[in-house]
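Structural description and commentary
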Amino acid sequence: MSEGQTVASTKEECWVPNILAFACNWCSYAGADLAGVSRLQYPPTVKILRVMCSSRVEPAFILKALKDGADGVLIAGCHIGDCHYIDGNKNAEVRINNTKKALEKLGLDKRLRLEWISASEGLKFSEVIKEFTEEISKLGQNPVKEKIEPQINADERRSSASVNKSAANVQGSEVK
Amino acid sequence: MSDNKGVEKPVESKLDQEEKRVGVFVCECGVNIGGVVNTRAVADYIGSLHGVKVTSVNKFTCSDSGQADIQAKIKEHKLNRVVVAACSPKTHEPTFRACIEEMGLNQYFLEFVNIRDHCSWIHMWEKDKATEKAKDLVRMGVERSKLLEPLQASEVPVNDTALVIGAGVAGMQSALDLADMGFQVYLVEKEPSIGGRMARFDKVFPTNDCSICILGPKMVEVARNKNIKIMSYSEVIAVDGYVGNFNVKVEHKSRYLDVVKCTGCAKCSEVCPVEVPYDFNEGLGTRKAIYVPFPQAVPLRAVLDKDNCINCKACAKACASGAINYDMQTSYTDLNVGIIIVSVGFNTYDPEPRHDYGYGLYDNIITAMEFERLLNAAGPTGGHVVRPSDCKEPLRVGFVNCVGSRDKNTNIYCSGVCCMVTIKNAQLLKEKRPETDQTIMYIDIRTPFRAYEESYNRSRDLGVKFLRGRPVEVKEDPVTKNIKVRVEDTLAGEMRNLEFDLLVLATGIVPNEGIGKIQQLLKLSKAADGLLMEAHPKLKPVDTTIDGVFLAGVASGPKDIPYAVSQGSACAGRATILLKNKKAITEGITAVVEPEVCVGCQVCIPMCPFQAIKFDEKVNKANVVKALCKGCGTCVAACPTGALEQCHFKNNQLLAQIKNVFRFEEVAA
């Protein structure tokens, strides 16, 4: 499709980590904005996906990202006590920790990270990305991500979007 | 059952059938984006994606011509989804939502991709990688945009009463402006009197007018205004609700006397045998355990400090009106207000714990606020400036600027007002005793506003010396108690050894304990300096990210009095938009339940922080009350069946983005 896209290939040496960050609209997304406004340079390894609250992030999203090609997943929310939705971040904490436990069995737990980053912590945002990129670089490529898929059409994409069973298990673990 | 989760539901609605015609508008933001990201390459690549009918690169997409381009292309290409790749949605999403809405598109058909703050600005030296990342980000946006669904923003009614927290000069101005426009205002102040910090100043720069003489009448005006209800010696302890409809609990601390009966005659203080350091005078001098805060206090009522009271009951005997009530309890009021203005003020930096420049170790080192009270005619010395060690009038006075400001060890920021405070204090002392030798030790002198530079010049003319340099050593002469300062004169390039009778530290502005409390109660953001954060540093300086909550005064950053007063009025103006219209527009982003999928497990119900999910026993289904739902999505993530969805952040929309972060498909192609 377009040229020069060699990021994730079979060659280990030209691999750079691919990190997906879920950032809450009120604190961490604004923190990432501040990092930008402050021109704090950090590696282009991360792509930020905006959610309203860190508690919106489902374990299924994390597994989906790891399956699809993420080498690391970051969830960033407001500090405890500062949540725009009172205590959504506390729910996120429980959920992400449960997911981490499940990932431990797969040896993937170090690829998931939860951080509290406020709207004024642009520096922290850039530091977290630098650190996490370094960590993931040491860990190497995510072993479970699916290797190069053939070009798929919309129908296949639809079916491949279904979430595997382990996602459901993690989800279930929250039901107490 | 759980397979529902994340599966794009094969519901063939009209929306699904409609062909998705996406237009992508890549902004160069001058050179902010264009200087790093190859916007043309991004547009070309995105143009090759399925469903993208047109791409466009603009120098400034937010400009008139940029928006006109979007509107023209919507018409020409019959676009039904618009992706704008530019700056941050936090600032510009409303602009483009309005732009596409004008063309008859639902405003939620806009997808905003941040390729400036999250790309070009942070990868300035990696242009190729930044361009590749921008392609990924825009592709994520394009795929999400195709799945966006129309939503309606809803209107909520606004209760036309206001709450102002903190009755310093900024809060008083807000209250007065709103009251004069006819709105009912509750003015909550934690101290026994309104007036705030300004009531403690002796004179105020640059005109050196008597502070309480200009503030006093304003305080009385507040008290007289029929639309303002002052709640002094009270604190906000709980807030819930949302714009237009905040439920607030106010705690009224007990004064241990009946404010209706008390006349403020202060007969009680005269007989009280207990003396404690007087906080209003910065701990200089004493007050009694029962006292009137200061002569101009509003309300002019006594307050009994129970912590220091020895229960001798002398005050009760002295009180002619029988106002004293030792058993008085803390009481509470519940308020319902439409808007909240936060003007909770600040503290000055305390040099005691670190013993900055020997403060706390040597008697003859005081802070600028303490100096202010010494200058004041109603202060502990009746306006005579004396030094603490021997109560003699000092003839050599040194001033140190930037104490607790512009210092990596304390606070990095400039407190803004201290230069002028020092300049003013030096002038006032010169006026009292012209023979006093005075030296101001500074890093930079900052005098940016009207008549400030003139005031600086005036103190030079009066003979105040200015020495550029920070003291490196401060010692006390054990016999004379004089302060010996070793300081580098950085302009002359030499060390100086100076001796002063009194050293005054210009301490900076720091957050007070109220800021932390209010921040958590109202879910406001704090900036790196610990003060409250505005919604936008330039364009929304008194708004917050919480609709209906505004900020005035030093609580949101160091300010002088005119600036604080302007912000007080600005808040009143911003608030009036809501109070007068009696309605507010809220986001259409809420949770919804798909009843066919809901199994009635009720997992979601305790998850909701706003109690917005109700359980319908009859049909065994959960139900979201839209007016209460704030759209955080926490219930959605908890729902084990996928019956709950968050509008605008639906599973399929987010999964499309996640899927498109990674580019394996293209590599293979």
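Summary of the structure given here. (Residues numbered from 1 in each chain as written. Chains lettered and ligands numbered in written order. Predicted model: local features only at pLDDT ≥ 70, side-chain atom pairs only at ≥ 80, totals over all residues. Heavy atoms only, no water.)

A few points about the nonpolar core
Counting residues in each nonpolar core, the largest one holds 95 residues, and the members touching the most others are A:Phe22, B:Ile115 and B:Val138. With six residues, the top contributor of residues to this core is helix α6 (residues 127-146) of chain B. If we ignore the near neighbours within four places in the chain, the residues touching B:Ile115 are B:Val26, B:Cys27, B:Ile33, B:Ala85, B:Ala86, B:Cys87, B:Ser120, B:Ala134, B:Leu137 and B:Val138. Among the nonpolar cores identified, the runner-up in size contains 64 residues, and B:Val156, B:Leu178, B:Ile228 and B:Leu257 belong to it. (Core = buried A, V, L, I, M, F, W, Y, C linked by side-chain atoms within 4.5 Å. Buried < 20%, exposed > 50% of the residue type's maximum accessible area, 1.4 Å probe, protein only. Helix = DSSP H or I, 4+ residues; strand = E, 2+ residues; numbered from the N terminus. Contact = heavy atoms within 4.5 Å.)

Observations regarding the sheet that holds strand β18 (residues 339-342) of chain B
To summarise the sheet geometry, strands pair through backbone hydrogen bonds and adopt either a parallel or an antiparallel arrangement. All names here are of chain B. The five strands lie next to each other as β10-β7-β6-β18-β29, forming an open sheet whose pairing is parallel. Of all the strands in the sheet, the pair left with one neighbour each is β10 (228-231) and β29 (549-551). Strand-to-strand twist across the sheet, computed as the mean angle between neighbouring axes with direction ignored, equals 20°. Two elements, strand β6 (residues 161-165) and β18, share four bridges in a ladder whose sense is parallel. Across the sheet, Val 164 pairs through a bridge with Ile 341, a residue of β18. (Pairing = 2+ DSSP bridges. Axes fitted to C-alpha atoms, helices over the stretch in contact; angles between N-to-C directions.)

Regarding the sheet that holds strand β25 (residues 483-489) of chain B
Residues and elements named next belong to chain B. Read across the sheet, three strands follow the order β24-β25-β26 without closing on themselves; strand pairing throughout is antiparallel. Of all strands in the sheet, those bounded by a partner on one side alone are β24 (471-476) and β26 (494-500). Direction aside, neighbouring strands of the sheet carry axes that sit 20° apart on average. In this structure, β24 lies alongside β25, joined through five bridges in antiparallel fashion. Along β25, the bridge assignment pairs Glu 473 with Arg 486.

Let's talk about the state of the cysteines
Residues and elements named next belong to chain B. Under the counting rule described, the total for this entry stands at two disulfides over all chains. Disulfide pairing places Cys 210 opposite Cys 213 at an S-S distance of 2.2 Å. When the S-S torsion is 75°, as for the bridge of Cys 210 with Cys 213, the disulfide is right-handed. In this structure Cys 210 comes out as partly exposed when scored by relative accessible area, which is 24%. Look at Cys 213 and you get partly exposed, because its relative accessible area is 48%. Between Cys 29, a free cysteine, and Cys 27, which holds the nearest cysteine sulfur, the sulfur-to-sulfur gap is 5.1 Å. (Disulfide = S-S within 2.5 Å.)

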